[in-house]
Amino acid sequence: MTPKPGIREAKKYETRRALGFAAFELATERGLHGFLVEDITNRVGVSRRTFFNYFNRKEEAVVAVSGFVFDDAMVALQDRPADEPLFDSLRVVAELVISPENLGLINRLSTIASDYHELVPYELVIRERMVQGAHEALADRMPAGCSAFFPLALVHAAFGVLQAAITRGMDHEDASVSALIDEAFGYLRTGFQPQS
């Protein structure tokens with residue numbers, strides 16, 4: 001498990017998070033090309049130099065919000081009881097990811113990214129960091145003797161069914177994303193045997 005950060009690391013993380021959310025809010029309000037790095041730094045109250053200590057470009061900052069949702073999910077996973085069945089822990093964490101606030105954020109980011117394809121490389125970097133972080137967190141929870149490949153396969157499967165549930169929920173307003181995630185995790189539990 002990752003140790004809790006010290007005060008300095010926590011402050012740096014909060015600054016990074018504030019910059020990321022400011023960039024995301026500005027992109028939501030004005031579009032990706034409607035603001036500058038200075039607008040981000042003014043909103044947070046830090047210098048341009050501080051921004052570049054955390055991000056290389058504003059595009060990177062905009063998509064960072066999905067990484068913050070993931071970070072919160074990994075903290076929640078670490079806080080789950082060690083003896084809780086893994087699928088139960090993952091389902092609880094998935095519920096956090098699809099909270100109304102986070103789902104709204106994910107939907108807005110998806111809309112922005114579909115309008116500005118230059119965000120895609122930054123999204124891919126975040127997604128890879130998520131997979132790696134989730135793999136490490138799950139590997140820490142594996143029982144002795146478990147295949148080293150199992151947590152990696154489970155992470156990719158869980159990300160896939162979570163994305164499928166979110167996509168289906170976005171495409172069908174009458175669908176409950178929570179119910180879709182229950183169904184998706186049911187498929188994972190049963191080895192993708194059809195459910196009636």
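Residues numbered from 1 in each chain as written. Predicted model: local features only at pLDDT ≥ 70, side-chain atom pairs only at ≥ 80, totals over all residues. Heavy atoms only, no water.

A. The arrangement of the nonpolar core in detail. Grouped together as the largest cluster of nonpolar side chains are 57 residues, with contacts concentrated most on I40, V62, I181 and F185. The dominant element in this core, judged by the number of residues it contributes, is helix α4 (residues 58-79), at 11 residues. The residues contacting I181, other than those within four sequence positions of it, are R91, A94, I98, L162 and A165. (Core = buried A, V, L, I, M, F, W, Y, C linked by side-chain atoms within 4.5 Å. Buried < 20%, exposed > 50% of the residue type's maximum accessible area, 1.4 Å probe, protein only. Helix = DSSP H or I, 4+ residues; strand = E, 2+ residues; numbered from the N terminus. Contact = heavy atoms within 4.5 Å.)

B. Looking closely at the packing of helix α8 (residues 149-171) against helix α9 (residues 177-189). The N-to-C vectors of α8 and α9 enclose an angle of 150°; their axes lie 9 Å apart at closest approach. Considering their axes alone, α8 and α9 lie roughly antiparallel with respect to each other. In this structure, the crossing between α8 and α9 has a hand that is right-handed. Listed contacts from α9 to A157, A158, V161, L162, A165, I166, R168 and G169 of α8 are V177, L180, I181, A184, F185 and L188. For the contact of α8 with α9, the class distribution of residues is 12 nonpolar, one polar and one charged. (Axes fitted to C-alpha atoms, helices over the stretch in contact; angles between N-to-C directions. Parallel < 35°, antiparallel > 145°, perpendicular 65-115°, else oblique. Left-handed = near helix turned anticlockwise from the far one by under 90°. Nonpolar A, V, L, I, M, F, W, Y, C, P; charged D, E, K, R; others polar.)

C. Structural context of the confidence of the model for the protein chain. Per-residue pLDDT for the protein chain has a mean of 88; in total, 96% of the residues score no lower than 70. Mean pLDDT across the elements of the protein chain bottoms out in helix α5 (residues 86-97) (83) and peaks in helix α2 (residues 37-44) (98). (pLDDT = per-residue confidence, 0-100.)

D. Local environment of the pattern of salt bridges. Under the defined criterion, the tally for this structure stands at 11 salt bridges. Residues D71 and R129 are paired through a salt bridge, measuring 3.1 Å at the closest nitrogen-oxygen approach. In this pair, D71 sits in helix α4 while R129 sits in helix α7 (residues 120-141), placing the two residues 58 residues apart along the sequence. With relative accessibility at 16%, the residue D71 sits in the buried group. Notably, a salt bridge pairs R80 with E84, separated by 2.7 Å at the nearest N-O pair. Among the residues examined, R80 registers a relative accessible area of 25% and is labelled partly exposed. When its relative accessible area of 16% is taken as the criterion, E84 is described as buried. Taken together, the shared-partner salt bridges in this structure form one network comprising E25, E29 and R43. (Salt bridge = Lys/Arg side-chain N within 4 Å of Asp/Glu carboxyl O.)

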